[in-house]
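Inside the fold
The lines below spell out each chain.
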Amino acid sequence: MNHGPTQWLLVSAALELLASCLLGYVMLVPMQPWAGKLREKWPKPRALMSVHLDLVMLALMQIAAGLGMKAIPGAHDPLVAGFLIGSGWLNVTPYAWRLVRVNAFVLGGSPLQIFASLTSLVSTVLLAGGWLLLLLGWL
């Protein structure tokens, strides 16, 4: 059984789509008639929606990269897949940190906020680096 970079990208994308679907169910809980008290403590719908949509978008990017690798294989494909899979799971963290009131979009503040911001920065570098390596291999 050959588990190449294309397969790993597609599996990661499928897992991200599954996580997004499950989060969709979580988003429905506060809307239920029996969840009145829970609604006050639940994260804001907009914050949950950001995580939900980011998971979908990152999964679609991984699918596109995987299909591109299948069509035009390159020498850097394993590295590209690693970068894109890593960024696919890390890039959602700034939105997830918002759920616990940590602003990961600003590099400053408490040590936790700095950690969250650096994680976000790493994910952005991995994402851009993965696509840059992929494109350079195709040119």
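Shown above is the structure to which this text applies.
1. What to know about the overall build of the chain
- Check the secondary structure of the chain and you find 6 helices and 0 strands.
- N-terminal to C-terminal, the α/β element order of the chain is α-α-α-α-α-α.
- The buried share among the 139 residues of the chain stands at 36%.
- Looking at the chain alone, contacts between residues at least 24 apart form 70% of all its contacts between residues at least 6 apart.

2. A closer look at the layout of surface pockets
- By volume, the largest pocket is sized at about 240 Å³.
- In terms of lining, the largest pocket is formed by Glu40, Lys41, Trp42, Pro43, Lys44, Arg46, Ala47, Ser50, Arg98, Leu99 and Arg101.
- Contributing elements (two or more residues each) for the lining of the largest pocket: α2 (36-41) and α3 (45-71).
- The greatest single-element share of the lining of the largest pocket, amounting to 3 residues, is contributed by α3.
- Partitioning the lining of the largest pocket into residue classes produces 4 nonpolar, 1 polar and 6 charged.

3. Let's talk about a nonpolar patch on the surface
- Together, Trp8, Val11, Leu15, Leu18, Leu22, Tyr25, Leu28, Met31 and Trp89 line one region of the surface with nonpolar side chains, adding up to about 930 Å² of accessible area.
- The element contributing the most residues to the nonpolar patch is helix α1 (residues 5-28), with 7 residues.
- Mapped onto the fold, Leu18 is located in helix α1.

4. Comments concerning the side chain of Glu16
- Residue position: Glu16 is located in helix α1.
- Among buried charged residues, Glu16 stands out as having no salt bridge; its nearest opposite-charge side chain is Arg98, 16 Å away.
- Excluding its chain neighbours within four sequence positions, the residues that come into contact with Glu16 are Leu55, Leu58, Ala59, Gln62, Gly88 and Trp89.

5. A few points about unusual backbone geometry
- Residues other than glycine seldom take positive phi values, yet Arg101 does so here, at roughly 65 degrees.
- Mapping Arg101 onto the fold places it in the loop between α5 (93-98) and α6 (111-138).
- Judged by relative accessible area, which is 72%, Arg101 ranks as exposed.

6. Topic: the packing of α3 against α6
- Packing of α3 against α6 leaves a shortest axis separation of 12 Å and a crossing angle of 20 degrees. In this view, α3 runs roughly parallel relative to α6, as classed from their interaxial angle. Crossing geometry of α3 relative to α6 is assigned as left-handed. Residues Met61, Ala64, Ala65, Gly68 and Met69 of α3 form the contact with α6, whose participating residues are Leu127, Trp131, Leu134 and Trp138.
- Residues of the contact of α3 with α6, tallied by class, amount to 8 nonpolar, 1 polar and no charged.

Parameters at a glance
- Think of each chain on its own: its residues are numbered from 1, step by step along the sequence as written.
- Owing to the predicted nature of the model, reporting of local features is limited to residues with pLDDT of at least 70; listing and counting of side-chain atom pairs is limited to 80 or more, with chain, interface and lining totals taken over all residues.
- No hydrogens and no water enter the side-chain calculation; it runs on all heavy atoms of the structure.
- Helix and strand labels come from DSSP, where a helix needs a run of H or I of at least four residues and a strand needs a run of E of at least two; each type is numbered from the N terminus.
- Buried residues are those whose accessible area, probed at 1.4 Å on protein chains only, stays under 20% of the maximum for their type, while exposed residues exceed 50% and partly exposed ones sit between those limits.
- What makes two residues a contact is simply this: any of their non-hydrogen atoms within 4.5 Å.
- Grid spacing is 1 Å over the protein atoms alone, the probe is 1.4 Å, and a cavity is where that probe fits but cannot get out, while a pocket is an open set with protein on both sides within 12 Å along at least five of seven lines and lining residues have an atom within 4 Å of a point.
- Grid points are joined across faces, edges and corners, and a volume is the space filled by probe spheres set on the points.
- Three classes are used, and their members are as follows: Ala, Val, Leu, Ile, Met, Phe, Trp, Tyr, Cys and Pro are nonpolar, Asp, Glu, Lys and Arg are charged, and the others, Gly among them, are polar.
- Only residues above 30% relative accessible area that lack a salt bridge enter a patch, with like-charged residues linked at up to 9 Å and the nonpolar side chains Val, Leu, Ile, Met, Phe, Trp and Tyr linked at up to 5 Å.
- What sets the accessible areas is the Shrake-Rupley method with a 1.4 Å probe; for residues, cover comes only from the shown protein chains.
- Between Lys or Arg on one side and Asp or Glu on the other, a salt bridge is scored when a side-chain nitrogen of the former is within 4 Å of a carboxyl oxygen of the latter.
- Note that His is not counted, nor are the chain ends; the positive residues are Lys and Arg, and the negative ones are Asp and Glu.
- To get an axis, a line is fitted to the C-alpha atoms, and for a helix only the part in contact is used. The angle between two axes follows their N-to-C directions and goes from 0 to 180 degrees.
- Any angle that is under 35 degrees is reported as roughly parallel, and any over 145 degrees as roughly antiparallel; angles of 65 to 115 degrees are reported as roughly perpendicular and all others as oblique.
- Crossing handedness is read from the near helix: turned anticlockwise from the far helix by less than a right angle, it gives a left-handed crossing, and turned clockwise, a right-handed one.

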